[in-house]
Amino acid sequence: MSDETMIARKEGRAGRLTFNRPKALNALDHDMAMVIEAALDQWRDDAEVDLVVIDAIGDRAFCAGGDIAAVYRAGIAGDSRPGQDFWRDEYRMNAKIAEYPKPIVAFMQGFVMGGGVGVGGHASHRVVGESTQVSMPESGIGLIPDVGGTLLLARAPGHVGEYLGVTGARMNAADALYTGFADCFVPEAEWEAIKARLVETGDITSLPASQTPPEPGSLAPQRAEIDAAFAAPDIHAIVEALEVAGGTFSGKTLNTIRRNSPLSMEATIRLVRMTRAANTIRAALEHEFRFTWRAAELGDFLEGVRAQIIDKDRNPQWKHALDSLPEEDVARMLEPLGPDWAIWEESK
């Protein structure tokens, strides 16, 4: 292994992509996203590559999200462009994973958050294990579930997607299978042998059938309570429904909602529903880019990162209170972008 943070190479009949930033929980930065895209482009028509395997070094995380330190530093200096460039290039890479003509197998241990979902969550074959914890917690830092996450949320049963996007609740392996964020549970002790067979044979049928996770999920039992509240038209109505319902689930959910960015949560609800209607990866990413393109300048993103990651005081001062969120500010974040900010190469 080299010291590269994203290791791309060919082995046997497979293209291999390995996250190699274990001390940083394999956080995805701009350069790493570009390495993934370049490798996928190179292997697309390579007759020696039958499939792609994506994995990660370290037990704690497949990828715990995007590395947003550089984006934050530029943003507080008044320059939104580095963030806009990063998200545009990352989203293009996410779409290539989702649309790839060859099988892609992602082995996702530990934390799979944000940008990690954008890499592993769009693979054609998504393997989870005992340690897997999947989440889209962006509303807590003034962002929205992006990297095509709104597509996965939109396809989850009922209104579980709205719940997960608003609260950032973590899913274990059973929950990830239930919501469609994963396809296959295999004990992590078996993963290396499976990878070796895939590399040697290039045969996707050597991937074993999914087993039953040892730990049950929480989302299926909570489905009725989730749907009852999160079918409501907006964040205000969701809060009202939870307050009326009462109980442990409602109380815990309300506590989370009252910590997160109101602007981000309302935009998340709308984005999930916009994507549910369109139901394509490109529509999801184009909708999400409307928000992230404006996030540093007009949203709560810089304050959320400051409070949660930089100063760690866990006391963000959001632009709006939950009970006084202006409709025009939400609408402004979701207005279509002009042609100068097209994501896809053929549109530039």
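My aim in this report is to walk through the structure given alongside it, one point at a time. Not measured: the values here are computed from a predicted model.

1. Thoughts on the pairing of strand β3 (residues 51–56)
Next, step 1: Among the six residues of β3, six are classified as buried, and the element is accordingly described as predominantly covered.
Next, step 2: A crossover connection joins strand β2 (residues 14–19) to the parallel β3 through helix α1 (residues 30–43); in handedness this β-α-β unit is right-handed.
Next, step 3: Note: β3 against strand β5 (residues 104–108), three bridges, orientation parallel. Residue pairing for β5: I54 is matched across the bridge by A106.

2. Some thoughts on the layout of surface pockets
Next, step 1: Here the largest pocket is characterised by a volume of approximately 1300 Å³.
Next, step 2: What lines the largest pocket is a set of 45 residues, and nearest its centre among them are A64, M113, P137, I141 and I309.
Next, step 3: Broken down by secondary-structure element, the contributors of at least two residues to the lining of the largest pocket are α3 (81–98), β6 (111–113), α6 (160–167) and α14 (301–310).
Next, step 4: Take the lining of the largest pocket: its biggest share by element is four residues, from α14.
Next, step 5: If you add up the space inside the second largest pocket, you get close to 280 Å³.
Next, step 6: Around the second largest pocket sit Y163, T167, A169, R170, S218, L219, Q222, T248, F249, K252, T253 and T256, which together line it.
Next, step 7: Those elements that place two or more of their residues in the lining of the second largest pocket are α6, α9 (219–230) and α11 (247–257).
Next, step 8: Here the element with the most residues in the lining of the second largest pocket is α11; it accounts for five residues.
Next, step 9: Split by residue class, the lining of the second largest pocket holds four nonpolar, six polar and two charged.

3. Focus on the pattern of salt bridges
Next, step 1: Applying the stated criterion across every chain, the model contains 29 salt bridges.
Next, step 2: Of the charged contacts, one joins D89 and R88 as a salt bridge, the two residues approaching to 3.2 Å between their closest N and O atoms. Of the two residues, D89 and R88, neither departs from the other in class, the shared state being buried.
Next, step 3: Its salt-bridge partner being E303, residue R306 comes within 2.9 Å of it at the nearest N-O pair.

4. Remarks on unusual backbone geometry
Next, step 1: Even without glycine at this site, N26 takes up a positive phi of about 55°.
Next, step 2: For R314, which is not glycine, the phi dihedral falls at a positive 55°.
Next, step 3: Relative to the helices and strands, R314 resides in the loop between α14 and α15 (327–333).

5. With respect to the nonpolar core
Next, step 1: One finds F19 and F301 to be the most contacted residues of the largest nonpolar core, which totals 92 residues.
Next, step 2: Considering each element in turn, this core owes the most residues, seven residues, to helix α13 (residues 281–298).
Next, step 3: Of all hydrophobic cores here, the second largest spans 13 residues; its members include A14, F107, W191 and I194.

6. Looking at the packing of α6 against helix α12 (residues 262–278)
Angle between the axes and distance between the axes: these two values describe a pair of packed helices.
Next, step 1: Two elements in contact, α6 and α12, have axes whose closest approach is 9 Å; the angle formed by their N-to-C orientations is 145°. Note that α6 runs across α12; the crossing there is right-handed. Along its contact with α6, which presents E162, G165 and V166, the element α12 presents M265, T268, I269, V272, R273 and R276.

7. With respect to the packing of aromatic side chains
What characterises a pair of aromatic rings is the spacing of the ring centres plus the angle enclosed by the ring planes.
Next, step 1: In this structure the tally under the stated criterion is six aromatic pairs.
Next, step 2: Between F19 and F62, the ring centres sit 5.1 Å apart and the planes meet at 65°, which makes this aromatic pair edge-to-face. Here the residue F19 occupies a position in strand β2, and F62 occupies one in strand β4 (residues 61–63), the gap between them amounting to 43 residues. The exposure classification of F19 matches that of F62, with both residues buried.
Next, step 3: Sitting above the plane of the F107 ring, K195 keeps its charged end 5.3 Å from the centroid.

8. Overview of α1
Next, step 1: The end-to-end C-alpha separation of α1 is 20 Å, in line with the 20 Å expected for 14 residues at 1.5 Å each.
Next, step 2: Here α1 has its buried residues at M32, A33, I36, E37, A39, L40 and W43. Buried residues of α1, seen end-on, are gathered within an arc of 165° and therefore sit on one face of the element. For α1, exposure combined with an orientation more than 90 degrees from the buried face picks out D31 and Q42.
Next, step 3: Those residues of α1 that are buried are in contact with β1 (6–11), β2, β3, α3, β5 and α4 (115–120).
Next, step 4: Regarding α1, its N-cap is D29, as a side-chain oxygen of that residue lies 3.2 Å from the backbone nitrogen of D31 further along.

9. Regarding the sheet that holds β4
Next, step 1: Pairing in this open sheet of three strands is parallel, and the strands run β4-β6-β8 from one edge to the other. The open sheet has two free edges, formed respectively by β4 and β8 (133–135), since each of these has just one partner strand. Recorded for the sheet is a direction-independent mean angle of 15° between the axes of neighbouring strands.
Next, step 2: Examined bridge by bridge, β4 and β6 share two bridges and lie parallel to one another. In the sheet register, C63 faces β6, and the bridge partner there is V112.

What counts as what
Residues numbered from 1 in each chain as written. Predicted model: local features only at pLDDT ≥ 70, side-chain atom pairs only at ≥ 80, totals over all residues. Heavy atoms only, no water. Buried < 20%, exposed > 50% of the residue type's maximum accessible area, 1.4 Å probe, protein only. Helix = DSSP H or I, 4+ residues; strand = E, 2+ residues; numbered from the N terminus. Right-handed = clockwise from strand over helix to strand, strands pointing away. Pairing = 2+ DSSP bridges. 1 Å grid on protein atoms, 1.4 Å probe; cavity = no way out; pocket = protein on both sides within 12 Å on 5 of 7 lines; lining within 4 Å. Points joined across faces, edges and corners; volume = space filled by probe spheres on them. Nonpolar A, V, L, I, M, F, W, Y, C, P; charged D, E, K, R; others polar. Salt bridge = Lys/Arg side-chain N within 4 Å of Asp/Glu carboxyl O. Core = buried A, V, L, I, M, F, W, Y, C linked by side-chain atoms within 4.5 Å. Axes fitted to C-alpha atoms, helices over the stretch in contact; angles between N-to-C directions. Left-handed = near helix turned anticlockwise from the far one by under 90°. Contact = heavy atoms within 4.5 Å. Phe/Tyr/Trp six-rings, centres within 6.5 Å; stacked < 30°, edge-to-face > 60°. Lys NZ or Arg CZ within 6 Å of the ring centre and 35° of its normal. Expected span 1.5 Å × (residues − 1). Arc of directions from axis to C-beta. Polar contact = N/O pair within 3.5 Å; in protein donor to acceptor, adjacent residues only side chain to side chain.

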